[in-house]
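Take a look at the letters that make up each chain.
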Amino acid sequence: MSHEGEGAGACAGAIVPAWRVDVLTLFPGLFEGFLGESILKRAIARNLVEVRRWDLREWAEGRHKQVDDRPFGGGPGMVLMAPPVVSAVEAVRASAPEPGRLVALSPRGRRLDQAKVRELAAEPRLILLCGRYEGFDERIIDELSPELLSIGDYVLSGGEVPAMVVIDSVMRLIPGVLGDEASALDESFGPDGALEYPHYTRPREFRGRAVPEILLGGDHAAIARWRAEHRTFHPAHGG
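Sequence positions are assigned chain by chain, starting from 1 and proceeding in written order. Restriction of local features to residues with pLDDT of at least 70 applies here, the model being predicted, together with a cutoff of 80 or more for giving and counting side-chain atom pairs; totals for whole chains, interfaces and linings are based on all residues. Excluded from the side-chain calculation are hydrogens and water; included are all heavy atoms of the structure.

Focus on the overall build of the protein
- Helical segments are the DSSP runs of H or I of at least four residues, strand segments are the runs of E of at least two, and each set is numbered from the N terminus. Summing up its helical and strand segments, the protein has eight helices and ten strands in all.
- Per-residue accessibility, obtained with a 1.4 Å probe over protein chains only, is compared with the maximum for each type, and a residue is labelled buried under 20%, exposed over 50%, and partly exposed between these values. Counting all 239 residues of the protein, 41% fall into the buried class.
- For the protein, contacts bridging at least 24 residues in sequence account for 76% of all contacts bridging at least 6.
- Per-residue accessibility takes into account occlusion by the displayed protein chains alone, with areas from the Shrake-Rupley method and a 1.4 Å probe. Of the roughly 13800 Å² of accessible surface on the protein, 53% is carried by carbon and sulfur atoms. Contacts are residue-level and defined by heavy atoms, with any inter-residue pair within 4.5 Å sufficient.

Written out as structure tokens, the structure is:
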């Protein structure tokens, strides 16, 4: 059986993008606006990033294309079934020469941070598996051995929003995406781990609050010192 994902940024004869991400989900339509706006849209148009969406239901059997069922042992909710999910991942992995790094979005995984983002940005291909309902049949994890990744200790309806967080954070580190390579270094959680310094723009004064005079004088060395002094560390990260 042949399945084709919904591609963004791929075209016949095009140069292979620096970074490809495949998203396996029950709701590929959730990514429409995300892929069609702002920095990511431009990165896709410039063939720096390729995002392909794959509908897990395409690998489901039967007239109703069932992908979930009640949990053995009882309990609320539904569980994603192993056969369609494993078949989907295996097919998607085989759809390109580079098998990619498989990541399942799960609250059981390691928390995403900037160090992990930098690590993932070094991968030429990332495959993101989005959970739903009560989660994955454990045999999916046993069979595929994905890396489990979480974006925080709270409950979401599925893995699609976490997948968007991963894509957005990683693509910013792909060369050429931000235009100015210094941008990624100067942001919060850059090489020194600090948060970014305060920013100001026009007007010079707003409701009695003036822009710091040092930022208006054109002394770039003094501005650099001021910015360095005003970078802070998030309490949760120390420093």
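After presenting the structure, the write-up continues.
A word on the pairing of strand E8 (residues 147–150)
- Alternating positions in E8 separate into two faces, Glu-147 and Leu-149 on one and Leu-148 and Ser-150 on the other, with burial throughout.
- For strand E6 (residues 101–111) and E8, the ladder comprises five bridges, and the chain directions are parallel. The residue of E8 that forms the bridge with Arg-110 is Leu-149. Strand pairing is defined by DSSP finding a minimum of two bridges between the two strands.

Some remarks on the confidence of the model for the protein
- Per-residue confidence from the predictor is given as pLDDT, running between 0 and 100. The predicted model of the protein has a mean per-residue pLDDT of 89, with 85% of residues at 70 or higher.
- Segment residues 1–6: pLDDT under 50, and 13 contacts once partners within four positions in sequence are set aside and those in other chains are kept.

Brief notes about helix H8 (residues 220–229)
- Of all the residues in H8, the buried ones are Ala-222, Ile-223 and Trp-226. Here the buried residues of H8 occupy an arc of 100° about the axis, which is enough to place them on one side. H8 presents His-220, Arg-225 and Ala-228 as exposed residues on the side facing more than 90 degrees away from its buried surface.
- Backbone nitrogen of Ala-221 and a side-chain oxygen of the N-cap are separated by 3.3 Å at the start of H8; the cap is Asp-219. The arc refers to the directions leading from the helix axis to the C-beta atoms. The term polar contact refers here to a pair of N or O atoms within 3.5 Å; inside protein, the definition further demands a hydrogen-donor-capable atom paired with an acceptor-capable atom, and it admits residues adjacent in sequence only when both atoms are side-chain atoms.

Quick word on the pattern of salt bridges
- What makes a salt bridge here is a side-chain nitrogen of Lys or Arg within 4 Å of a carboxyl oxygen of Asp or Glu, nothing more. For the coordinates displayed, the defined rule picks out 14 salt bridges.
- Close ionic contact of Arg-125 with Asp-22 constitutes a salt bridge, the shortest N to O distance being 2.8 Å. Of the two residues, Arg-125 sits in strand E7 (residues 125–130) while Asp-22 sits in strand E2 (residues 19–25), which places them 103 residues apart along the sequence. Just as Arg-125 is buried, Asp-22 falls in that class too.

A few points about unusual backbone geometry
- Following Arg-202, the chain continues to Pro-203 via a peptide bond in cis, the omega torsion being 5°.
- Of note, Ser-38 is a non-glycine position whose phi angle comes to about 60°, a positive value.
- Along the chain, the position of Ser-38 falls in helix H2 (residues 38–45).
- Of note, Lys-65 is a non-glycine position whose phi angle comes to about 50°, a positive value.
- Residue position: Lys-65 is located in the loop between strand E3 (49–55) and strand E4 (68–69).
- For Lys-65, a relative accessible area of 34% corresponds to the partly exposed category.

Structural notes on the nonpolar core
- Formed by 31 residues in total, the largest nonpolar core has its most connected members in Trp-19, Val-49, Leu-128 and Val-166.
- Counting only elements with at least two residues in this core, the list comes to E2, helix H1 (32–35), H2, E3, E6, helix H4 (114–121), E7 and helix H6 (160–171).
- Residues contacting Val-166, with those up to four places away along its chain left out, are Leu-105, Leu-112, Leu-120, Leu-126, Leu-128 and Leu-149.
- For this analysis, a nonpolar core means a set of buried residues of the types Ala, Val, Leu, Ile, Met, Phe, Trp, Tyr and Cys, connected via side-chain atoms within 4.5 Å. One finds Leu-24, Leu-26, Leu-80 and Val-92 within the second-largest nonpolar core, a separate group that totals 23 residues.

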